[in-house]
Amino acid sequence: MSGVEVYHGHEDGQAGLGIKVVLPATVQDLLDAWQPLCDDQTIFKQYARGHHALCKGCQRNCCATAYVIPDLVSFRRMAEMLGMAYDDFVARYFQAEKLAVGLLRMVPEPCIFLQDNICSIYPVRSLICRFYLCTPLLGRTEQLIYKIAWSGAAATQIFAQQQGLVPAAGPGASSFDRLFLELLDEYRNSSGVASFLAARDYRDISLHHFLEE
Ligand code: SF4
Ligand code: SF4
């Protein structure tokens, strides 16, 4: 049977969450399996009240400090939900100094979409937001979700460059920014990024692009 299953495992003596993928499965299948974890009070969450609480209403919300470059499916959906043209969307919601170095980072600290500790664009938030959980993950699972999220972000960068939404990278990038630019470059020619560029929905993106051989 195809699909994605979340399980509790151990690695190097530490407990952690893992996922098991049976192909064919898509990014949407992974999201369907992952989403309940936000509402799961039985798992350990480092920053949650008492280490066991819902993510909703969290007082040490990860959205306060997140570095979010949205994946392309989310980028398109956010602009559509807000009823904005891409250039107006980028100018209003993305950090000017990061655009100047060629990075599409949403305005942070706190995230521009965080209102009263709740995400105001929750149904269309990006993969980076959907996957982040302050709980230990097994190594291969962590690698898989970061590979998906960064492939999606790299697709947004490429799309934005093609559409003329970001200027060519100028000077002034921090070491953190350079790390992201290098990472995005590393993914640029991958099949996963091509899949995000062609997709309109997470159901269109197969997980096989991101699984190790
Ligand atoms: S994942 Fe984020 S919202 Fe959820 S408990 Fe941790 S810090 Fe709070
Ligand atoms: S888009 Fe929503 S979930 Fe993501 S960092 Fe901003 S407020 Fe948090």
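Residues numbered from 1 in each chain as written. Chains lettered and ligands numbered in written order. Predicted model: local features only at pLDDT ≥ 70, side-chain atom pairs only at ≥ 80, totals over all residues. Heavy atoms only, no water.

Around ligand 2, the neighbouring residues are Cys 63, Val 68, Met 106, Cys 111, Phe 113, Leu 114, Cys 119, Ile 121, Arg 125 and Cys 129. For the shell around ligand 2, a count of residues per class yields nine nonpolar, no polar and one charged. (Near = heavy atom within 4 Å. Nonpolar A, V, L, I, M, F, W, Y, C, P; charged D, E, K, R; others polar.)

Within the structure, ligand 1 sits among Lys 45, Tyr 47, Ala 48, Cys 55, Cys 58, Arg 60, Cys 62, Tyr 132, Leu 133 and Cys 134. Across the shell around ligand 1, the residue classes break down as eight nonpolar, no polar and two charged.

A cluster of nonpolar side chains, namely Tyr 47, Tyr 132 and Tyr 146, defines an oily patch on the protein surface of about 280 Å² accessible area. Here Tyr 146 lies in helix H6 (residues 139-162). Under the relative-accessibility criterion, Tyr 146 is labelled partly exposed at 40%. (Patch = residues over 30% accessible without salt bridge, like charges linked within 9 Å, V, L, I, M, F, W, Y side chains within 5 Å. Areas by Shrake-Rupley, 256 points an atom, 1.4 Å probe, with all protein chains shown as cover. Salt bridge = Lys/Arg side-chain N within 4 Å of Asp/Glu carboxyl O. Helix = DSSP H or I, 4+ residues; strand = E, 2+ residues; numbered from the N terminus. Buried < 20%, exposed > 50% of the residue type's maximum accessible area, 1.4 Å probe, protein only.)

Moving on: unusual backbone geometry. Peptide bonds are mostly trans, and most non-glycine residues show a negative phi. Cis geometry marks the peptide bond from Leu 23 to Pro 24, where omega comes out at 0 degrees. With respect to the helices, strands and loops of the structure, Pro 24 is situated in the loop between strand S2 (14-22) and helix H1 (27-34). Cis geometry marks the peptide bond from Glu 109 to Pro 110, where omega comes out at -10 degrees. Following the sequence through the fold, Pro 110 ends up in the loop between helix H4 (96-99) and strand S3 (114-115).

Our focus in this paragraph is the confidence of the model for the protein. Per-chain confidence: the protein averages 93 in pLDDT, with 99% of residues scoring 70 or above. Helix H2 (residues 72-82) holds the highest mean pLDDT among the elements of the protein, 98, whereas helix H7 (residues 175-187) holds the lowest, 88. (pLDDT = per-residue confidence, 0-100.)

Time to look at the packing of H6 against H7. Following both chains from N to C, one finds H6 and H7 inclined at 90 degrees, their axes separated by 9 Å at the closest point. Between H6 and H7, the interaxial angle falls into the category roughly perpendicular. Mapping the contact onto sequence places Tyr 146, Lys 147, Trp 150, Ser 151, Ala 153, Ala 154 and Gln 157 in H6 and Phe 180, Leu 183, Leu 184 and Tyr 187 in H7. Here the contact of H6 with H7 is built from residues that sort into eight nonpolar, two polar and one charged. (Axes fitted to C-alpha atoms, helices over the stretch in contact; angles between N-to-C directions. Parallel < 35°, antiparallel > 145°, perpendicular 65-115°, else oblique. Contact = heavy atoms within 4.5 Å.)

Turning next to the pairing of strand S1 (residues 3-11). Two elements, S1 and S2, share nine bridges in a ladder whose sense is antiparallel. If you follow Val 4 over to S2, its bridge partner there is Val 21. Where S1 hands over to S2, the hairpin turn is made up of two residues, of which Asp 12 adopts a positive phi near 50 degrees. (Pairing = 2+ DSSP bridges.)

On to the environment of Lys 45, then. Considering the arrangement of structural elements, one finds Lys 45 in the loop between H1 and H2. The exposure class of Lys 45 is buried, given its relative accessible area of 1%. When the C-alpha positions of Lys 45 and Pro 136 are compared, they lie 8.4 Å apart, and in sequence the two are 91 residues distant. Residues within four places of Lys 45 in sequence aside, it is in contact with Leu 37, Cys 38, Asp 39, Asp 40, His 51, Ala 53, Leu 54, Cys 55, Leu 133 and Cys 134. Of note is the side chain of Lys 45, whose polar atom sits 3.1 Å from the backbone oxygen of Leu 37. (Polar contact = N/O pair within 3.5 Å; in protein donor to acceptor, adjacent residues only side chain to side chain.)

We now examine the pattern of salt bridges. Side-chain pairing between opposite charges can occur once the charged atoms of the two side chains come close. Counted under the stated rule, the structure contains four salt bridges. A salt bridge links Asp 201 to Arg 77, with the shortest nitrogen-to-oxygen separation between them at 2.9 Å. Remark: Arg 77 occurs in helix H2 and Asp 201 occurs in the segment after helix H8 (191-198); sequence separation between them is 124 residues. Asp 185 serves as the salt-bridge partner of Arg 188, at 3.2 Å between the closest nitrogen and oxygen. Via salt bridges that share partners, Arg 77, Asp 201 and Arg 203 belong to a single interconnected network.

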